[in-house]
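# Descriptive structure summary
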Amino acid sequence: MTTAAPRAEPKTVFIKTFGCQMNVYDSERMHEALSAQGYVETSELSDADLVLLNTCHIREKAAEKLYSDLGRIRDVKAEREVAGKETMVAVAGCVAQAEGVEIVRRAPVVDLVIGPQSYHRLPELVTRRTAGTAPVVETSFPEDDKFAHLPARTGPRAATAFLTVQEGCDKFCTFCVVPYTRGAEFSRPVASLEAEARRLVSLGVREITLLGQNVNAYHGEGPDGEAWTLARLIDRIADIEGLERMRYTTSHPRDMSDDLIAVHRDQPKLMPYLHLPFQAGSDRILAAMNRKHTRRDYFRLADSIRRARPDIALSTDIIVGFPGETEADFEATLDVVRQVGFAQAYSFKYSPRPGTPAANMEQLPEMVKADRLNRLQGLLNQQQSSFNSGCIGKIFPVLFERIGRRAGQLIGRSPYLQAVHADAAPELLGHIMPVEIAAAGPNSLSGVIKAA
Ligand code: SAH
Ligand code: SF4
Ligand code: F3S
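## Quick look at the site of ligand 3
Residues in contact with ligand 3, as listed here, are Cys 20, Asn 23, Thr 55, Cys 56, His 57, Ile 58, Cys 94, Arg 182 and Gln 213. Looking at side-chain class alone, the shell around ligand 3 contains 4 nonpolar, 4 polar and 1 charged residues.

See the structure below:
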C-alpha cells in the first residue's frame, strides 16, 4: 500500500466584471479556461490566489473603476503576503487593451495584462508569470481565432446565457473606443455557434442572447460556405429543441436589414424586444458622430419594425452633450424619444476618450451636460413607467431565472425583458410560467402565477 501524496489545495480565482454583456460572456469563458486548470472560483477577494478584473473603457468613469479597485487589491495582496500567501493580479478587458503596459506602470501591483483577443492564452500566461519575473502584457491581435482554442462550455448553470457571435467594430463612431479595444469586425462560423448553443441547451439553458458589438452586421460562414446573415443564424439556432427563447444585442440602425426585421414577425422564439441605439436626434450631431444614419432613417426603421411586430418593446442608447451640441440639437433628441417611445433606455453624458476623434473637439461645460441628461432621463423614466404600468392585468409567459430576495419568491423575465417577481417554488427555476401582472414599479413588475 502506498501513502497518497498530500493533495494540494485547489487554487482560487476571484473574478470581477465591469462593462457590457460581452464582458460577462468573456468572464464566463475565462472562468471555464481556468477551471480546466484546477482553479475554483471564490467570492472573497482575500481568499484569491488569482484576482481577475475584466474591465471596461467606454467612459472615463468606467475606466477609473479599475484603478480604485487596484488600490484596495494592493492592500489585500500585502496582507496575504504577511500570511505567506502569493496573489497574482490580472487585468483583462478593454482597459487592458487600450492601456496595455501603462497599467503596470501606474499600478505595479498588476502581474498580467491581457487583451480580449488573447483569452484562450490566459492559463499559459498565468503559468508564465508564475515562473518568470517581469509582468506579462499581451495585447496583440493574434491571427488565430480564440474561440477555436477556448475549452468547451461547462457553464453557465442558469436558464439564460449569452453567446458571442460577432466581435469588434468597423464603424468608428467618433466618440467610441470599441473599434480600438475590440478590433476589426469578426463573425464566428455558424457551425461553431450552433455547437455551442446546443451545448448550452444541454446544460439547461432555455434562453440565449446572441451578442456582438454590431450583432446585426453578423456575416459568419454558413455550413454551405456562404456568408450567413444574423436572420439566418437566428432561425438556425431557434431550431434547437429545448431552446425556448432568443434575443440579440447590440444592433446598429445601419445594419437593420429587411430579413432581420422579418424574423421578428416570423420566428416565434425571438422575443419582442429590440435594443437599437440612436445616440442623438439631430442630423448635424449624428454626422459629427459618424453614425451613418439620419433621424429619418431611425423613424422609418422604428415604423417597419413595429409593422412586423406590433407589440415590440424598443430600447436605445443616447448620448447628450456631444461636442457642438446646441440646445436645439438636444431638443431634437428629446423629440425622437417622444415620437418613437421607448420601453427602456440607457443615457449618458458624453465622455471624451483618449485616441478618439471627438476627444479633440471643443467640449461642452459639465453643467450643460448634466442638465441635459437630467431632462432626458426625466422623459425616459416617464416612458418606462408608463410602459410598465400598461402591463398591469396582462398575463405574460415569465422565464424564472433566479431566487428573489424575499423568501418564496423567484425573479424572471417577461418577453419584453422586464424583471418579474412572483411567489414561486424553487423547482420553477428554468421554467416558463404564465404570470398575471398585478403591480408595476419603475424597474420591475410583480404578479401571480396563473394555474395552467
Ligand atoms: N456596440 C454598441 C455600443 C457599445 S457602447 C453600439 O454600437 O450601439 C454602449 C453605449 O455607450 C453606446 O451606445 C453609447 O451610447 C455609449 N457610449 C459610447 N462611447 C461613449 C462616450 N465616449 N461617452 C458617453 N457614452 C458613450
Ligand atoms: Fe462604438 Fe459606434 Fe461601433 Fe457601436 S457602432 S461599437 S458606438 S463605434
Ligand atoms: Fe466596455 Fe469594452 Fe464592452 S469598452 S462596453 S467592455 S466592449
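## Focus on the pairing of strand β10 (residues 207-211)
In terms of burial, β10 is a largely internal element, 5 of the 5 residues being buried. Note: β10 against strand β11 (residues 245-249), 5 bridges, orientation parallel. Paired with Ile 208 across the two strands is Met 246, which belongs to β11. Regarding the hand of the β-α-β motif, the stretch spanning β10, helix α9 (residues 230-238) and β11 is right-handed.

## Observations concerning the domain arrangement of the protein chain
Here the domain parsing of the protein chain yields domain 1 (12-138), domain 2 (146-389) and domain 3 (395-449). Centre-to-centre, using C-alpha coordinates, domain 2 lies 25 Å away from domain 3. Facing the 17 residues of domain 2 at the interface are 19 residues of domain 3. At the boundary of domain 2 with domain 3, total buried surface from both sides reaches about 1300 Å², with 57% on carbon and sulfur atoms. On the domain 2 side of the contact with domain 3, Arg 245, Arg 247 and Asn 388 bury the most area, a combined 38% of that side's loss. Linking domain 2 with domain 3 are 0 salt bridges, by the criterion used here. The tally of links between domain 2 and domain 3 comes to 10 residue pairs in polar contact (both at pLDDT 80 or more). Counting residues per element, the ones that place at least two in the side of domain 2 that touches domain 3 are β11 and α14 (366-389). When residues in the side of domain 2 that touches domain 3 are grouped by element, the largest group, 5 residues, is from α14. Split by residue class, the side of domain 2 that touches domain 3 holds 6 nonpolar, 5 polar and 6 charged.

## Some remarks on the site of ligand 2
Contacts to ligand 2 come from Cys 169, Lys 171, Phe 172, Cys 173, Phe 175, Cys 176, Val 178, Pro 179, Asn 214, His 252 and Arg 291. When its residues are assigned to classes, the shell around ligand 2 shows 7 nonpolar, 2 polar and 2 charged.

## Re the nonpolar core
Core analysis: the largest hydrophobic core is formed by 59 residues, its most contacted members being Leu 210, Ile 237 and Tyr 248. Discounting residues that sit within four places of it in the chain, Tyr 248 has contacts with Thr 209, Leu 210, Val 215, Leu 230, Ile 234, Met 256, Leu 260, His 264, Leu 270 and Leu 274. Counting 24 residues, the second-largest nonpolar core is a separate cluster that includes Val 51, Val 91, Val 95 and Ala 96.

## Section: the sheet that holds strand β13 (residues 313-320)
With parallel pairing, 3 strands are arranged side by side in an open sheet as β12-β13-β14. What marks the edges here is a single partner per strand, and that holds for β12 (273-275) and β14 (344-349). With direction set aside, neighbouring strand axes in the sheet form an average angle of 10 degrees. Bridge analysis of β13 against β14 gives 6 bridges, and the strand direction is parallel. Within the sheet, the bridge partner assigned to Thr 316 lies in β14 and is Ala 345. Packing of α14 onto the sheet brings it into contact with β13 and β14, and relative to β14 it is tilted by some 175 degrees.

The rules we used
Residues numbered from 1 in each chain as written. Chains lettered and ligands numbered in written order. Predicted model: local features only at pLDDT ≥ 70, side-chain atom pairs only at ≥ 80, totals over all residues. Heavy atoms only, no water. Near = heavy atom within 4 Å. Nonpolar A, V, L, I, M, F, W, Y, C, P; charged D, E, K, R; others polar. Buried < 20%, exposed > 50% of the residue type's maximum accessible area, 1.4 Å probe, protein only. Helix = DSSP H or I, 4+ residues; strand = E, 2+ residues; numbered from the N terminus. Pairing = 2+ DSSP bridges. Right-handed = clockwise from strand over helix to strand, strands pointing away. Domains from an automatic or database assignment. Contact = heavy atoms within 4.5 Å. Buried area = accessible area lost by both parts, 1.4 Å probe. Salt bridge = Lys/Arg side-chain N within 4 Å of Asp/Glu carboxyl O. Polar contact = N/O pair within 3.5 Å; in protein donor to acceptor, adjacent residues only side chain to side chain. Core = buried A, V, L, I, M, F, W, Y, C linked by side-chain atoms within 4.5 Å. Axes fitted to C-alpha atoms, helices over the stretch in contact; angles between N-to-C directions.

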